[in-house]
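Structure at a glance
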Amino acid sequence: MLLTAFITLGLAIFFVAISLKMTNQLWQVVLLLVGFFWLCCSLKFSFIPIEVILVIALLMTRKLTGKYSS
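Per the stated rule, a full pass over the model turns up 0 disulfides. Note on Cys-40: no disulfide assigned, nearest cysteine sulfur contributed by Cys-41 at a separation of 7.1 Å.

Moving on: helix H2 (residues 25-45). With 21 residues, H2 extends 30 Å from end C-alpha to end C-alpha; this agrees with the ideal 30 Å at 1.5 Å per step. Its side-chain oxygen at 3.2 Å from the backbone nitrogen of Leu-26, Asn-24 defines the N-terminal cap of H2.

This part covers a nonpolar patch on the surface. On the surface, a cluster of nonpolar side chains totalling about 560 Å² of accessible area is made up of Phe-14, Ile-18, Met-22, Leu-26, Trp-27 and Val-30. Put simply, the parts of the chain that give the nonpolar patch at least two residues each are helix H1 (2-21) and H2. Of all the elements, H2 adds the most residues to the nonpolar patch, at 3 residues. Tracing the sequence through the fold places Leu-26 in helix H2.

Cut-off values and rules
Residues numbered from 1 in each chain as written. Predicted model: local features only at pLDDT ≥ 70, side-chain atom pairs only at ≥ 80, totals over all residues. Heavy atoms only, no water. Disulfide = S-S within 2.5 Å. Helix = DSSP H or I, 4+ residues; strand = E, 2+ residues; numbered from the N terminus. Expected span 1.5 Å × (residues − 1). Polar contact = N/O pair within 3.5 Å; in protein donor to acceptor, adjacent residues only side chain to side chain. Patch = residues over 30% accessible without salt bridge, like charges linked within 9 Å, V, L, I, M, F, W, Y side chains within 5 Å. Areas by Shrake-Rupley, 256 points an atom, 1.4 Å probe, with all protein chains shown as cover. Salt bridge = Lys/Arg side-chain N within 4 Å of Asp/Glu carboxyl O.

And the structure:
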C-alpha cells in the first residue's frame, strides 16, 4: 500500500510540474485537475496523510525558488 501511495504521489507531482511549464491555459487547468486527482488517490492509499504537507512544501519551495532565480 505504501508503494502505491508513493507512486500516485509521484504522478501528482509530475502532472503539477508539467502544468506549471504549459503556456496553454486550457491544458494547464486539465493537468492541474489530473494532478489533484492523483493527489486524492495518494491520500486514499496512504497510511499517513502527511504526504499532503510534503506536496504543499514541495510546491511552495518550487514557487519561491522560481521567483528568485531570474
